Amino acid sequence: MNRLMSRRSALWGLCGGCAALGSGFRATPVQAQGAAPAAAAAAGPVRPSRFGPNDTIGNMNLVTPQKVQEASRLVTQGRAYPLGIVVDRSTPAFPPRSVGVTVLMPGQEGGQTFGSNKMSYVDDMISGWLGVGTQIDTFAHLGIDYTFYNGNKAADFVRTTGVTKLGVEGVPPMVTRGVLVDLAKFRNKPRLDGGELVTADELRQAMQQQNVRVTPGDVVVLHTGWLSMLGENPKRFGDEEPGIDGAGAEFLASLQPCAVGADTWGVEAVPFKDPNLLWQGHQVLLAQHGIHILETLDTAPLVRDGVAEFMFVLGQPRYKGAVQAIINPIAIR
């Protein structure tokens, strides 16, 4: 692991069993398997939820009716911004993920129709992975040494037919206040570079400079400008990204948001500064603090219009037992 990790090598570092399949990437099986214990040790054991031993929704407990009412008062123009990107078969995704839509006209081969009114219809079938494009990570997605949010052990709830706890169907509606931190503006450039790390101190400074105040139950959105790379160089977009690290995640967690999102595919800086610490920010947010992660958000229109505070709305798909979902959250001002 002497070379900095790309997105693909990071995958094999996460999954020792998959590492042999990925030996053509930068991380070899031996190196990848050796990295996992270091990452787990650095993050520490999963802490009990402050909301009790039976809690499964984490900081979504902070999205109270009063919080929803507070968010609704931010709507002064009635303008809605879709934060999701369009997803198709060519969308770069964390290996081995992909997704595709197949369109069919069942039973209508040769121009057949139904009934005397000649009814025709089109159906579609989706095949692939749910972690493609704009997505939500649930607490069942990533943990520490097979232990997930609130001490849930993988052996107790992970099944090939779907998780029996912490699945996406149990995430409450995310209707709350959203705030945007413009990290590209903070660095005085249109787009951060791949692998560029924004530290906890820099996050704090950026928020102070931009007068961004986070209150419990908010959604914090980070703008790096990296999504613009998707149209220019999809491979590079997927191989690296700017973002935070474990310490930055700890700082954001201290502000008690219900979710942290970014215009990158993984929120964290890749290649990792320490190639033996893999997705530590995910461990901190998901497993340690019960904070959802939102990835590949289209933040450019918000930045263009100078929107730093807004009503955030997400009603995620309720696929029973899924640990992720493709989403299209909405920012309303």
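Position labels on residues start from 1 in each chain and follow its written sequence. Under the rules for a predicted model, residues below a pLDDT of 70 receive no local features and side-chain atom pairs below 80 are neither given nor counted, while totals for whole chains, interfaces and linings still include all residues. As a convention, hydrogens and water are excluded, and side-chain values are obtained from all of the structure's heavy atoms.

As recorded in an unreviewed UniProt entry, the protein chain goes by the name Cyclase family protein, listed as coming from Roseicella aerolata.

(A) Representation of the overall build of the protein chain in the model. Only DSSP runs of H or I covering at least 4 residues are called helices, and only runs of E covering at least 2 are called strands; the numbering of each starts at the N terminus. Scanning the protein chain from N- to C-terminus turns up 12 helices and 13 strands. Put simply, the protein chain has 333 residues, and 52% of those count as buried. Note on definitions: a residue-residue contact is assigned when non-hydrogen atoms from the two residues lie within 4.5 Å. Sequence separation of 24 or more characterises 77% of the internal contacts of the protein chain that already satisfy a separation of 6 or more. Only the protein chains shown count as cover for residues, and the accessible areas themselves come from Shrake-Rupley with a 1.4 Å probe. Surface summary for the protein chain: the accessible area is close to 15,200 Å², and the carbon and sulfur share equals 53%. Remark: exposure states derive from per-residue accessible area (1.4 Å probe, protein chains only) relative to the maximum for the residue type, with buried under 20%, exposed over 50%, and partly exposed in between.

(B) Here's a closer look at the environment of G315. By secondary structure assignment, the location of G315 is in the loop between β11 (309-314) and β12 (324-326). The spacing of G315 and V171 is 144 residues in sequence and 8.8 Å in space, taken between C-alpha atoms.

(C) Quick peek at helix α7 (residues 200-209). Looking only at α7, the buried set comprises A200, L203, A206 and M207. With its buried residues spanning 120 degrees around the axis, α7 presents them on a single face. Counted as exposed and oriented over 90 degrees from the buried face of α7: Q208 and Q209. As for α7, its buried residues are in contact with β7 (174-182), α6 (183-186), β8 (219-223) and α10 (246-254). Directly beyond the C-terminal end of α7, a positive phi value near 55 degrees is found at N211. Directions pointing from the helix axis toward each C-beta atom define the arc.

(D) Examining the nonpolar core more closely. Among buried residues, those of type Ala, Val, Leu, Ile, Met, Phe, Trp, Tyr and Cys that are joined through side-chain atoms within 4.5 Å constitute a nonpolar core. Counting residues in each nonpolar core, the largest one holds 49 residues, and the members touching the most others are V181, L183, L203, L222, L252 and W279. Among residues more than four places away in sequence, those in contact with L222 are V181, L183, L203, I244, L252, G261, A262, D263 and T299. Core analysis: the second largest hydrophobic core is formed by 24 residues, V168, M174, L297 and V307 among them.

(E) Geometry of the pattern of salt bridges. Salt bridges are defined as contacts in which a side-chain nitrogen from Lys or Arg sits within 4 Å of a carboxyl oxygen from Asp or Glu. Per the stated rule, a full pass over the model turns up 15 salt bridges. In this structure, K189 engages E196 in a salt bridge whose closest nitrogen and oxygen atoms are separated by 3.0 Å. Exposure remark for E196: the relative accessible area of 14% places this residue in the buried category. Linked by salt bridges that have partners in common, K67, E70, R177, D218 and E309 make up one network.

(F) Structural context of the packing of α10 against helix α11 (residues 280-288). Axis lines are fitted to C-alpha atoms, over the contacting stretch for helices. Their N-to-C directions set the angle, which ranges from 0 to 180 degrees. Between α10 and α11, the least distance of the axes is 7 Å, while the angle of their chain directions is 25 degrees. Taken together, the axes of α10 and α11 lie roughly parallel to each other. Judged by the sense of rotation from one axis to the other, the crossing of α10 with α11 is right-handed. Side by side, α10 and α11 meet where G246, A249, E250 and A253 of the first sit next to Q280, G281, V284 and L285 of the second. What sets the label is the angle itself: under 35 degrees gives roughly parallel, over 145 gives roughly antiparallel, 65 to 115 gives roughly perpendicular, and the rest give oblique. When the near helix sits turned anticlockwise from the far one by under a right angle, the crossing is termed left-handed; a clockwise turn instead gives a right-handed crossing.

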